[in-house]
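Structural features, examined
Chain residues, written in single-letter form:
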Amino acid sequence: MRRTLPAVTLALLLALTACSASRPSGSPPPGAAPTGTPTASRQDAAQVEQTLASFRRVDDLPLYEMTYVGRYDPTVGTDASPASPFGCSLFVAAGDRDRPLFARNFDWDPNPAMVLRTDPPQGYASISLVDLSYLGVGDDPAGDHRLLNAPLLPFDGMNERGLAVGLAADDAARAEPDPGKPTVGSVRILRLVLDRAATVDEAVAVFTAHNLDFDGGPALHYLLADASGASAVVEFVDGKMRVERGPGGWQALTNVPVVGVDESKRRADRRYDVIARAMTEAGGVVDAEAAHRVLTAVRQAHTRWSVTYGLRSGEVRVVTAGGAQRRYQLPMS
């Protein structure tokens, strides 16, 4: 984070869900040869050991947790190239500006997932969710050094300033590169946003400063929200980035384009319509429990996780495919 977390705060993060500092079950003993080669890690040996020691299984999804300690380079290394369709559902409930909330279902193959805590020295601390299959790890990933690439591939997340971001497939999108801008992967951009942006405006600026590479996977669009209740959808229409700001009460995103599309046409998508009806009825005011009921209503057979992010409270609630719920608390600055 841009201010260093005191040791007691980092310790609290590690302890939030009874996270043990001992070596996780199934991990290699001290001195065993590591598996995999990380590309993004800029850690020293002690930080690598501390990071891998924090890795543990917490759910039968399987869902894991890990706290990344030290530096990483978010501009190099692994990129995800998932196939389409994702089928995700996302919304922002901002009718109560004192309790804005970001919610999403991640719908995809039955892969292992991980709740990742990061605190980069020159960026904001965050909690994000990672699909571990894109790191190339095996069925028993404990001790695999490719876990050190996990910061590169958040599929959704929130940082300590209350900025949240998530993605969904948009097969109609097309991004034309600007030769004057650096190019990053379409999932990698979420890491840059979480590390660098405190507001929706700053997040849009991060998108604007980069080309996005959609090669090898579906084109994507994105939902952003911040602690003020501001939100925006970022889409790529006819090769150009376009942004639609939220009206203030709520904003939703599934797998149909929304920028420049009439609301009646958006509601032809069942999941979008269910969310829109629920948010309209509630005036955009829902707590985490109510938000998870909406996520359940648009749940699909391949929903892997449902998550809510309290953009001011810092509370994160994750419900996995099996129904188990875990709660986390991100200290807000």
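As shown above, the structure is provided for reference.
Residues numbered from 1 in each chain as written. Predicted model: local features only at pLDDT ≥ 70, side-chain atom pairs only at ≥ 80, totals over all residues. Heavy atoms only, no water.

A separate point is the overall build of the protein. Check the secondary structure of the protein and you find seven helices and 17 strands. By residue count, 56% of the 333 residues in the protein fall in the buried class. Long-range contacts, defined as pairs at least 24 residues apart, comprise 69% of the intrachain contacts of the protein with a sequence gap of at least 6. Summed over its atoms, the accessible surface of the protein is roughly 13,000 Å², and 51% of this surface lies on carbon and sulfur atoms. (Helix = DSSP H or I, 4+ residues; strand = E, 2+ residues; numbered from the N terminus. Buried < 20%, exposed > 50% of the residue type's maximum accessible area, 1.4 Å probe, protein only. Contact = heavy atoms within 4.5 Å. Areas by Shrake-Rupley, 256 points an atom, 1.4 Å probe, with all protein chains shown as cover.)

Quick look at the side chain of Gln43 now. Structurally, Gln43 can be placed in the loop between helix H1 (7-15) and helix H2 (45-53). Of note is the side chain of Gln43, whose polar atom sits 2.7 Å from the backbone oxygen of Val69. With residues near it in sequence (within four places) discarded, Gln43 still touches Val48, Thr51, Tyr68, Val69, Gly70, Arg71 and Leu148. (Polar contact = N/O pair within 3.5 Å; in protein donor to acceptor, adjacent residues only side chain to side chain.)

Another aspect to go through is the environment of Leu190. As for its placement among the helices and strands, Leu190 is situated in helix H3 (residues 188-196). Residues Leu190 and Val165, 25 residues apart in the sequence, show an inter-C-alpha distance of 6.7 Å. In contact with Leu190, other than residues within four places in its own chain, are Pro154, Phe155, Asp156, Val165, Gly166, Leu167 and Tyr222.

Turning our attention to the pairing of strand S6 (residues 126-131). With respect to burial, S6 is a largely interior element, six of its six residues being buried. By the alternation rule, side chains of S6 split into Ser126, Ser128 and Val130 and Ile127, Leu129 and Asp131, which are all buried. Inspection of the sheet shows strand S5 (residues 113-118) paired to S6 by six bridges, in the antiparallel sense. Residue Thr118 lies in a different strand from S6, and its bridge partner there is Ser126. Two strands pair when backbone bridges link them, and S6 and strand S7 (residues 156-159) are joined in this way by four bridges, in the antiparallel orientation. In the sheet register, Ser126 faces S7, and the bridge partner there is Asn159. (Pairing = 2+ DSSP bridges.)

Where a strand is regular, its side chains alternate between the two sheet faces. Across the two faces of strand S17 (residues 325-329) the burial differs, with Arg326 and Tyr328 buried and Gln325, Arg327 and Gln329 not buried at all. With five bridges connecting them, strand S16 (residues 315-320) and S17 associate as antiparallel partners. When the bridges of S17 are listed, Arg317 appears paired with Arg327. Hairpin geometry of S16 and S17 is characterised by an intervening segment of four residues between the two adjacent antiparallel strands and by a positive phi of about 100° at Gly323.

This next bit is on H2. An α-helical turn contains 3.6 residues, so any two residues separated by three or four positions project in the same direction. Turning to H2, its buried residues number three or more, namely Val48, Thr51 and Leu52. For H2, the angular spread of the buried residues around the axis is 90°, confining them to a single face. Exposed side chains of H2 directed beyond 90 degrees from the buried face belong to Ala46 and Glu49. Structurally, H2 contributes buried residues whose contacts are with strand S2 (63-67). (Arc of directions from axis to C-beta.)

Our focus in this paragraph is the packing of aromatic side chains. Scanning the model with the defined rule gives nine aromatic pairs in all. An angle of 20° between the planes, with centres 4.3 Å apart, marks the rings of Phe106 and Trp305 as stacked. Pair noted here: Phe106 is in strand S4 (residues 101-107) and Trp305 is in strand S15 (residues 303-310), with a separation of 199 residues, a long-range link. The pair Phe106 / Trp305 is uniform in exposure class, with both members buried. (Phe/Tyr/Trp six-rings, centres within 6.5 Å; stacked < 30°, edge-to-face > 60°.)

Moving on to the environment of Val298. For Val298, the position within the fold is in the loop between helix H7 (288-297) and S15. By relative accessible area, which is 0% here, Val298 ends up buried. Each C-alpha atom of the pair Val298 and Asp273 lies 9.6 Å from the other, and the pair is 25 residues apart in sequence. Not counting chain neighbours up to four residues away, the residues in contact with Val298 comprise Ser89, Asn105, Arg270, Arg271, Val274 and Ile275.

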